[in-house]
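Spelled out from the first residue to the last, the chains are:
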Amino acid sequence: MGTRSLVRIKEGKETILTIYRQYDGYPSGMGNDIKRILNDGSPQILNGFSNHSSPQFFNGMGCLGAFLVGKLKQKIGNVYVMSPKTKGEEVDYVYTLSQKNGEVYLKVIDTYANKTIYNNLLKFFDGLAVEDAQND
C-alpha cells in the first residue's frame, strides 16, 4: 500500500489545483520532490514575465502548478489532477503551496495525527528532518 498525498496550490485564499499522488507521499518523498522540482525550493512568483524561465520563475501560482504537474506526471497512474475541492480524508499527507511577496510557502499536514508538521518557506523544507521530528 502506498503513502498517499494531496498537493494543494493556492492563489490567495482559493485552492486552484489539487494533485493526488498514490505513493511516495511522505515528506522525504513528495515533499522533497516538490522542493527539487521548484528550483530547490526557491522559485519566484512574478506578475508577468519576459526573459525568465522555469523552474526559477513562474507567472503566478497557476503557472507553478502546471509546471509541477508536468514534472510529477512521468507515466500512467500515480499522479492525478483532482478537483480543487477534493477532501484529504483518505490520504496520509496534505501539502499546501502558497505565495507571499513572490516567495513560495509550504504547509504540510499529517492527516492521521491531524497535525501540521511544517509551515514555512519551501526553501527551508527538509523532508528527512520533518520525518525525524515526527518520530521524536
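Note that the coordinates shown come from a computational prediction; the quantities given were computed from them, not determined experimentally. (Residues numbered from 1 in each chain as written. Predicted model: local features only at pLDDT ≥ 70, side-chain atom pairs only at ≥ 80, totals over all residues. Heavy atoms only, no water.)

Engineer: Explanation requested: the pattern of salt bridges in the structure shown.
Structural biologist: Charged atoms that come close allow side chains of opposite charge to pair. Tallied over the entire structure, the rule returns four salt bridges. As a salt-bridge pair, Arg 4 and Asp 92 come within 3.9 Å of each other at their nearest N and O atoms. Taken together, the residues span a long stretch of sequence, with Arg 4 in the segment before β1 (5-11) and Asp 92 in the loop between β5 (79-82) and β6 (93-100) at a distance of 88 residues. With respect to burial, Arg 4 and Asp 92 carry one shared label: buried. Close ionic contact of Glu 103 with Lys 123 constitutes a salt bridge, the shortest N to O distance being 3.1 Å. (Salt bridge = Lys/Arg side-chain N within 4 Å of Asp/Glu carboxyl O. Helix = DSSP H or I, 4+ residues; strand = E, 2+ residues; numbered from the N terminus. Buried < 20%, exposed > 50% of the residue type's maximum accessible area, 1.4 Å probe, protein only.)

Engineer: Whenever I open this one, the side chain of Arg 4 confuses me. Can you help?
Structural biologist: For Arg 4, a relative accessible area of 15% translates into the label buried. When sequence neighbours within four positions are dropped, the list of residues in contact with Arg 4 reads Tyr 20, Arg 21, Gln 22, Glu 90, Val 91, Asp 92, Tyr 93 and Tyr 112. (Contact = heavy atoms within 4.5 Å.)

Engineer: Please clarify how the packing of aromatic side chains should be interpreted in this entry.
Structural biologist: The geometry of an aromatic ring pair comes down to the distance between the two centres and the angle between the two planes. Applying the stated criterion to the full structure yields four aromatic pairs. Seen in terms of ring centroids, Tyr 93 and Tyr 95 are 6.4 Å apart; in terms of plane orientation they differ by 40 degrees. Their pairing is tilted. An identical accessibility class is assigned to Tyr 93 and Tyr 95; each is buried. Between Lys 73 and the ring centre of Tyr 80, over which it is positioned, the NZ or CZ distance is 5.1 Å. (Phe/Tyr/Trp six-rings, centres within 6.5 Å; stacked < 30°, edge-to-face > 60°. Lys NZ or Arg CZ within 6 Å of the ring centre and 35° of its normal.)

Engineer: How should I be thinking about the environment of Asp 110 in this particular structure?
Structural biologist: Residue position: Asp 110 is located in strand β7 (residues 103-110). For the pair Asp 110 and Pro 27, spaced 83 residues apart in sequence, the C-alpha separation works out to 9.5 Å. Ignoring anything within four residues of it in the chain, the contact list for Asp 110 reads Asp 92, Tyr 93, Lys 115, Ile 117 and Gln 134. A polar atom in the side chain of Asp 110 sits 2.5 Å from the side chain of Gln 134. (Polar contact = N/O pair within 3.5 Å; in protein donor to acceptor, adjacent residues only side chain to side chain.)

Engineer: Help me understand the nonpolar core, please; the structure alone is not making it clear to me.
Structural biologist: Buried together is how nonpolar side chains tend to be arranged in soluble globular proteins. Val 7, Leu 38, Leu 64 and Leu 97 are the most contacted members of the largest nonpolar core, which has 28 residues in total. If you tally residues by element for this core, the top one is helix α2 (residues 61-72), at six residues. (Core = buried A, V, L, I, M, F, W, Y, C linked by side-chain atoms within 4.5 Å.)

Engineer: Explain the side chain of Glu 131 here, please?
Structural biologist: Relative to the assigned elements, Glu 131 resides in helix α3 (residues 127-135). For the buried Glu 131, no salt bridge exists, and the shortest N-O distance to an oppositely charged side chain is 11 Å, to Arg 21. Residues in contact with Glu 131, not counting those within four places in the same chain, are Tyr 26, Pro 27 and Ser 28. (Lys, Arg positive; Asp, Glu negative; His and termini not counted.)

Engineer: How should the packing of helix α1 (residues 27-37) against α2 be read in this particular structure?
Structural biologist: Put simply, α1 and α2 touch, their axes get as near as 10 Å, and they point 115 degrees apart. Note that α1 runs across α2; the crossing there is right-handed. Contacts from Met 30, Asp 33, Ile 34 and Ile 37 in α1 reach Phe 67, Leu 68, Lys 71 and Leu 72 in α2. Looking at side-chain class alone, the contact of α1 with α2 contains six nonpolar, no polar and two charged residues. (Axes fitted to C-alpha atoms, helices over the stretch in contact; angles between N-to-C directions. Left-handed = near helix turned anticlockwise from the far one by under 90°. Nonpolar A, V, L, I, M, F, W, Y, C, P; charged D, E, K, R; others polar.)

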